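An overview of the molecular structure
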Amino acid sequence: MQRRISRVAIVSVAQTRLRPSWDRLQHVDLIGSAVTDVLKGTGVTMRDIDFVIDCGSDVLDGRSISNCGFLGAMGGHHKEESRVEEDGLWGAVYGVTKILAGPASIGLVVAYSKPSESDVSAYYSTLADPFYQRPVGLNHRVASGLAAREYLRAHGLDPEVLDAPAAAAWRNAAANPYVEVADAPDAATVASGGLVADPLREHHVSRNVDGAVAVLLAAEHIAERITPAPVWVTGMGSAMDSQMLTDRRPGELEAAAAAAGTAYRRAGVTDPASLALAEVSATSVAEELMVLEALGLAPRGHGASLYGDDSPVAVNPSGGAIPADPVMATGLVRLAEATRRLTAANATTSRAVVHGAGGIGMQNHCVFTLEV
Amino acid sequence: MSNVAVVGAGQTHHARRRTDVSQVGLAREAAVRALQDAELTMDDIDSVIVATGPVLFAAVNQPEKWLVDALGARLKPVVRVTSGGGTGLAGALAAVNQIKGGFAERVLVVAYDKLSEGALQYSISTLYDPFWGREFAVGIMGFSAAYWKARMDLLGHTEEAAALVSVKNHRNALLNPYAHVRKEVTVEDVLASRPLCWPIKLLDVPPISDGACAVILAGEDAAKRSADPAWIRGMAYYSEGENAADRSMIQSEPLRIAAEKVYREAGISNPRRQVDVVEVQEPYTCFELSYYEGLGLCPPGGAAQLIESGATQIDGDIPVNPSGGCMGANPIGATALIRLAEIAQQVRGRAGAYQIPDAKVGLMQAGGGWANLRGVAVVSSTKN
Amino acid sequence: MSQLFTSPDVPQVLTTTLSIPYTLTPGGAAGQFLAGLAERRILGSRCEPCARTVVPAQDVCGRCGEQTPDLVELPHGGTVTSWTAHQGRVVAKIRLDGADADLLHVVAAEPGAVEVGDRVAADWAAEPTGWITDLAAFTPGRARSGPAEATPVARAETSVEMVPYRLDLTYHHAYGPYYGRMFDELGSFSRLMGSRCSSCHRVLLPARAICDVCFARTDQFDEVSDTGVLQAFSVIHMEFVGQTRKPPYVYAEIVLDGSSTRLIHTVAGDFDLADAASTLSIGMKVKAVWKPESERVGTLEDIAYFEPVIP
Ligand SMILES: [Zn+2]
Ligand SMILES: [Zn+2]
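Worth saying up front: this structure is predicted, and the values here are computed from it rather than measured.

**Some remarks on the pairing of strand β7 (residues 210-219) of chain B**
Residue and element names in this part refer to chain B. Counting buried positions along β7 gives 10 out of 10 residues, so the element sits mostly inside the fold. Residues Asp 210, Ala 212, Ala 214, Ile 216 and Ala 218 point to one face of β7 and Gly 211, Cys 213, Val 215, Leu 217 and Gly 219 to the other, with burial holding for every one of them. Bridge analysis of strand β1 (residues 4-11) against β7 gives seven bridges, and the strand direction is antiparallel. Residue Val 4 lies in a different strand from β7, and its bridge partner there is Gly 219. Bridge count for strand β4 (residues 106-114) against β7 is nine bridges, and the pairing is antiparallel. Paired with Lys 114 across the bridge in β7 is Asp 210.

**A short note on the coordination of the zinc ion (ligand 1)**
All names here are of chain C. Protein coordination at the zinc ion (ligand 1) comes from Cys 47 (SG), Cys 50 (SG), Cys 61 (SG) and Cys 64 (SG), with a distance range of 2.2 to 2.3 Å. Coordination at the zinc ion (ligand 1) is tetrahedral, judged from the four donor atoms that bind it and the angles of 104 to 114 degrees they form at the metal. Coordination of the zinc ion (ligand 1) draws on donor residues from a single chain, spaced C-x2-C-x10-C-x2-C in sequence. Using a relative accessible area of 27% as the deciding quantity, one classes Cys 50 as partly exposed.

**Some words on the interface of chain C and chain B**
Each side of the interface is counted separately: chain C has 68 residues, and chain B has 59 residues. Across the chain C to chain B interface the summed buried area is about 5200 Å²; carbon plus sulfur atoms make up 62%. Of all residues in chain C, the largest losses of buried area upon contact with chain B belong to Thr 25, Met 238 and Arg 262 of chain C, amounting jointly to 13% of the total for that side. Here chain C and chain B share three salt bridges between them. Residues Glu 135 of chain B and Arg 245 of chain C are paired through a salt bridge, measuring 3.4 Å at the closest nitrogen-oxygen approach. Along the contact surface separating chain C from chain B lie 24 residue pairs in polar contact (both at pLDDT 80 or more). Secondary structure elements with two or more residues in the side of chain C that touches chain B: β1 (13-24), β11 (163-174), α2 (176-189), β15 (227-236), β16 (249-256) and β17 (263-265) of chain C. A breakdown of the residues in the side of chain C that touches chain B according to their chemical character gives 37 nonpolar, 21 polar and 10 charged. Bridge count between strand β5 (residues 195-198) of chain B and β15 of chain C: two bridges; the pairing is antiparallel. Its bridge partner lying in β15 of chain C, Cys 197 of chain B is registered against Ile 236 of chain C.

**Considering empty space enclosed by the protein**
Scanning the entire structure with this criterion turns up 14 cavities of 30 Å³ or more. Approximately 550 Å³ is the volume attributed to the largest cavity. Together, 33 residues line the largest cavity, and Val 28, Arg 63 and Gly 69 of chain A, Asp 129 of chain B together with Tyr 179 of chain C are the ones closest to its centre. When contributions to the lining of the largest cavity are tallied by element, the ones reaching two or more residues are α1 (27-39) and α3 (66-70) of chain A together with β11 and α2 of chain C.

**Some words on the interface of chain A and chain C**
Each partner contributes to the interface: chain A provides 50 residues, whereas chain C provides 57 residues. The contact between chain A and chain C buries some 4200 Å² in all, and 60% of this surface belongs to carbon and sulfur atoms. Taken as a group, Phe 131, Tyr 132 and Val 136 of chain A account for 19% of the area that chain A buries against chain C, more than any other trio of residues on that side. Linking chain A with chain C are two salt bridges.

**Points about the sheet that holds strand β14 (residues 218-224) of chain C**
Working definition: the strands of a sheet are paired by backbone hydrogen bonds and lie parallel or antiparallel to each other. With antiparallel pairing, three strands are arranged side by side in an open sheet as β13-β12-β14 (chain C). Edge positions in the sheet fall to β13 (203-204) and β14 of chain C, since each of these pairs with one other strand and no more.

**Describing the side chain of Thr 227 of chain C**
All names here are of chain C. Structurally, Thr 227 is set in strand β15. We classify Thr 227 as buried; its relative accessible area is 16%. Side-chain polar atoms of Thr 227 contact the side chain of Ser 225, separated by 2.9 Å.

**Description of the nonpolar core**
Ranked by size, the top nonpolar core spans 201 residues in total, and within it Leu 335, Phe 368 and Leu 370 of chain A together with Leu 217, Tyr 292 and Leu 295 of chain B carry the most contacts. With 10 residues, helix α14 (residues 332-347) of chain B is the largest single contributor of residues to this core. Contact partners of Phe 368 of chain A, with chain neighbours within four places excluded, come to Leu 89, Ala 92, Val 93, Val 96, Val 233, Gly 235, Met 236, Leu 335, Ala 352, Val 353 and Val 354 of chain A. Ranked by size, the runner-up nonpolar core spans 106 residues in total, among them Val 48 of chain B together with Leu 34, Ala 35 and Ile 132 of chain C.

**A few points about the environment of Leu 103 of chain C**
In this structure, Leu 103 of chain C sits in strand β7 (residues 103-107). Considered as a pair, Leu 103 of chain C and Asp 302 of chain C are 199 residues apart in the sequence and their alpha carbons are 54 Å apart. Excluding residues within four positions of it along the chain, Leu 103 of chain C makes contact with Thr 246 of chain A together with Val 55, Pro 56, Ala 92, Lys 93, Ile 94, Leu 96, Leu 135 and Phe 138 of chain C.

**Some details on unusual backbone geometry**
With omega at 10 degrees, the peptide bond leading from Asp 198 of chain A into Pro 199 of chain A counts as cis. Secondary-structure assignment places Pro 199 of chain A in the loop between β5 (195-197) and β6 (200-201). Of note, the amide linkage connecting Leu 205 of chain C to Pro 206 of chain C takes the cis form, showing an omega dihedral of 0 degrees. In this fold, Pro 206 of chain C is placed in the loop between β13 and β14.

**A few points about the coordination of the zinc ion (ligand 2)**
Residue and element names in this part refer to chain C. Summarising the metal site, the zinc ion (ligand 2) is bound by the protein donors Cys 197 (SG), Cys 200 (SG), Cys 211 (SG) and Cys 214 (SG), whose distances to it range over 2.2 to 2.4 Å. What the four donor atoms of the zinc ion (ligand 2) show is an angle range of 102 to 116 degrees at the metal, which sorts the shape as tetrahedral. Donor residues for the zinc ion (ligand 2) sit on one chain with the sequence pattern C-x2-C-x10-C-x2-C. Its relative accessible area of 24% is what places Cys 200 among the partly exposed residues.

**Side note on the side chain of Glu 117 of chain A**
Here Glu 117 of chain A lies in the loop between β4 (106-113) and α5 (120-125). On the accessibility criterion, Glu 117 of chain A (4% relative accessible area) is buried. Within the structure, Glu 117 of chain A has its side chain in polar contact with the side chain of Lys 114 of chain A (distance 2.9 Å). At a separation of 3.0 Å, a polar atom in the side chain of Glu 117 of chain A contacts the main-chain amide nitrogen of Ala 174 of chain C. Not counting residues up to four positions away in its chain, the partners in contact with Glu 117 of chain A are Leu 25 and His 27 of chain A together with Thr 170, Tyr 171, His 172, His 173 and Ala 174 of chain C.

**Quick look at the domain arrangement of chain C**
The domain architecture assigned to chain C consists of domain 1 (26-161) and domain 2 (171-308). Placing the centre of domain 1 of chain C and that of domain 2 of chain C at their C-alpha centroids yields a distance of 55 Å.

Thresholds applied
Residues numbered from 1 in each chain as written. Chains lettered and ligands numbered in written order. Predicted model: local features only at pLDDT ≥ 70, side-chain atom pairs only at ≥ 80, totals over all residues. Heavy atoms only, no water. Buried < 20%, exposed > 50% of the residue type's maximum accessible area, 1.4 Å probe, protein only. Helix = DSSP H or I, 4+ residues; strand = E, 2+ residues; numbered from the N terminus. Pairing = 2+ DSSP bridges. Donors = N, O, S within 2.8 Å, 3.2 Å for Na, K, Ca; no water. Tetrahedral: all angles 85-135°; square planar, octahedral: opposite > 155°, others 65-115°. Contact = heavy atoms within 4.5 Å. Buried area = accessible area lost by both parts, 1.4 Å probe. Salt bridge = Lys/Arg side-chain N within 4 Å of Asp/Glu carboxyl O. Polar contact = N/O pair within 3.5 Å; in protein donor to acceptor, adjacent residues only side chain to side chain. Nonpolar A, V, L, I, M, F, W, Y, C, P; charged D, E, K, R; others polar. 1 Å grid on protein atoms, 1.4 Å probe; cavity = no way out; pocket = protein on both sides within 12 Å on 5 of 7 lines; lining within 4 Å. Points joined across faces, edges and corners; volume = space filled by probe spheres on them. Core = buried A, V, L, I, M, F, W, Y, C linked by side-chain atoms within 4.5 Å. Domains from an automatic or database assignment.

Given below as structure tokens:
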């Protein structure tokens with residue numbers, strides 16, 4: 001009789017440092033490092049792993065079915081392995097469902113990108129349909145600029161409202177050993193940065209970085225043998241918006257709200273503010289505020305209030321995706337960051353919400369709720 | 001363990017080039033047909049999984065982002081699973097896990113490729129390491145031909161035996177209204193056809209097609225409302241390091257592992273006797289021979305004898321590719337899902353002119369990459 | 001195509017370029033829309049159940065997922081609802097008069113000269129090419145052409161069926177410590193170095209940090225012989241777009257003595273390619289034929305080919 005698995009836990013996380021360029025290492029070196037580290041101290045060996053899910057991009061890697069070339073570094077040899085060609089948080093969705101489905105009980109989720117090796121703008125513009133949006137110059141920056149203007153207009157806000165959250169993100173990242181930051185800009189520096197996608201300035205938009213992240217998932221009956229502090233996945237949801245930028249509701253992220261709604265319903269979360277730690281992804285500060293609002297952490301137009309000292313929610317204590325966006329790994333890095341904070345000796349909260357995004361203008365959204 | 005079934009399947013009429021629909025329009029056609037077949041609407045679908053070949057086939061990165069509108073799937077979970085040629089099966093496996101894992105009750109899997117729009121061999125050649133060997137690549141055909149030559153010497157998979165595969169599958173495709181190639185060929189035609197990557201010759205190679213396939217999978221409660229569910233009795237998809245030490249290309253290890261797991265799940269000890277119909281993804285004729293052995297339909301080295309005996313013909317005791325297989329149509333990203341759809345329709349009694357009488361248990365195989373990604377599934381008209 | 005930088009001051013990358021040609025089919029409504037642009041007509045589509053007219057025309061309503069068979073011709077003027085400027089170019093959402101959703105396009109104006117609420121009008125390319133850029137941009141001001149209001153139209157006979165496209169992608173692949181050492185040895189000493197697995201002790205070529213089979217680290221570099229066994233081969237006759245080597249040639253997978261992995265190369269020598277099938281055999285010994293030292297560049301191309309070793 002097969003054991004009915006009711007819960008899945010994150011039992012270990014590991015990642016490389018996120019840097020603008022790991023130009024002396026290959027993908028396999030970054031992946032191999034994260035995967036080796038995620039097993040350390042767990043008592044789990046590669047032999048115990050039932051499956052591997054990986055998230056990377058052929059377009060960024062310059063190689064078709066690039067996971068084929070990286071299988072050895074991620075331990076995929078003679079295992080069930082699948083590529084989810086989306087942000088790593090969707091890989092985690094696959095991993096969790098696979099364990100809940102049985103009979104697999106331990107799975108590895110890996111996400112990686114080396115945007116420094118390619119043209120990130122081409123990665124994003126090729127996400128747009130080739131007939132209507134790509135030829136007029138749509139890319140991630142253009143999408144962010146439009147989203148920012150619509151958000152600010154919808155709520156009657158000045159662009160300056162974006163400066164303090166950006167400075168907070170960079171300050172947090174500078175204190176994060178997993179992110180390489182040479183000089184964290186303060187709010188005044190943010191405000192004087194060059195316009196990248198009007199009204200967004202240099203430090204308002206995400207900085208692409210290289211890196212890999214690995215997350216080890218386990219079924220309930222095994223999790224507690226691997227670690228004294230398993231982090232339980234209590235809810236998951238995802239939703240994709242329209243591909244036409246002009247067919248999405250301006251000033252908000254409807255799909256992020258839909259994904260959060262599903263995750264919260266599954267987790268029985270009725271008061272999102274009870275999730276006192278939020279690790280969210282975004283390609284610009286304005287979109288980060290829109291995410292926080294879609295997650296129900298702040299009223300619409302008030303996302304910026306969450307960055308103050310008296311905020312009920314710790315927003316991106318890692319720094320989030322603005323200072324460090326490893327494209328395909330960004331959401332899974334959020335999951336790793338939240339896991340580390342929930343299990344830290346000085347943890348201040350037992351519940352967290354994690355968000356990942358994919359697509360141009362953050363078309364696709366994925367939300368996890370976690371609990372220790 | 002909750003059970004999962006195929007409750008609907010649909011595919012396009014495959015063609016060399018469809019100039020009347022876009023990539024996403026093509027995928028929508030298959031999805032609409034699958035929904036009609038299942039007597040469902042998009043409102044009944046909880047989650048969508050998209051499977052296509054590598055991005056460079058079509059110049060559209062993460063094409064599910066474009067497809068969402070054409071499917072009417074806005075604000076639903078949509079994700080793409082990719083795994084080279086076997087991607088359709090990898091997508092179906094993700095769907096099975098979503099259902100068994102309680103993430104969704106009904107999942108639409110859509111797989112497609114519009115190969116006419118790109119430069120196929122150029123794109124596939126980028127599978128090779130940019131530092132190491134890419135300049136010698138002819139997609140994956142040179143590699144496949146090289147190891148066929150090795151199996152020819154070691155296992156007796158002769159050019160004549162492979163030609164019989166081509167003849168059989170071409171003939172079966174004549175019965176398939178969705179097939180794109182409908183032409184009878186003889187052993188002599190195959191042997192005399194132009195060598196592309198010897199020993200692979202033109203008629204060992206399937207066509208390059210535009211096509212799509214969609215399958216709807218449902219959990220036990222939802223499937224019970226279907227008149228004729230095809231129950232998934234086992235499904236697995238395994239990988240192998242493409243340049244792992246001492247990797248054997250003579251008998252596929254990942255195929256053996258996947259088949260073993262699926263047979264165990266499905267309670268199959270003698271596939272030749274217990275399976276009624278087989279669909280395999282044969283990107284070249286030589287692979288069908290290899291799969292006979294990998295799937296245990298005959299002993300190692302027995303493939304040539306098996307095809308020569310007529311057992312895998314449509315009226316044989318273990319019919320393989322009654323639909324015509326890839327020889328009828330090969331829209332690569334869709335091809336694996338088409339194999340699953342075909343065996344599901346067989347055990348549901350909906351396979352039309354190539355229905356195997358009284359088929360109850362179907363077996364399918366798919367794969368891709370450097371012959372290092374291999375999957376297997378068994379479906380049946382009964383739940384256990 | 002490939003360069004190897006050995007100076008420690010320079011990032012060690014291999015630059016490659018993919019330049020892949022496509023012929024893309026817009027299909028149904030998009031084909032009609034693009035054909036319409038050649039006649040300086042802007043077509044949208046209308047979903048009656050949703051009571052929405054969107055532009056450019058879509059086959060499927062993004063809101064309800066139903067087919068939208070009704071085409072509508074729209075006026076050439078509209079209002080800017082949102083804009084951004086990126087790399088000197090203004091991209092805006094424009095609400096054409098009579099439409100219920102915006103159109104994404106370029107506004108030909110200086111970034112500082114555009115505001116939400118501005119009126120803009122279609123500006124046409126001199127020569128249509130079948131792309132949306134036949135509608136070159138929108139310019140500030142009132143429309144001087146086009147219908148006064150949204151007008152239902154029948155589907156035209158002509159449609160754009162195919163447009164040529166090219167994807168140009170450039171990559172800077174890092175060598176990393178394993179390929180770096182391997183190619184440095186190849187370049188400096190014309191020798192092939194693999195890495196040895198600390199667990200199974202097999203030597204892996206190309207060199208790598210982790211043994212695929214054992215998931216154990218490799219712990220030393222070992223020189224691999226330039227002779228080996230022909231594990232598999234085929235004879236390439238086929239030509240294709242993007243091919244870098246001219247057929248015919250032998251595609252060979254060789255396991256070099258002292259290694260346990262596949263090396264992809266070619267076999268040539270004192271035999272006619274027409275006889276390759278009978279001259280070569282699986283399991284036969286082959287030996288590298290190196291290019292003259294002056295022609296070596298530190299890549300696998302330093303080996304001109306492998307030749308059969310006649311015992
Ligand atoms: Zn509608
Ligand atoms: Zn080893």
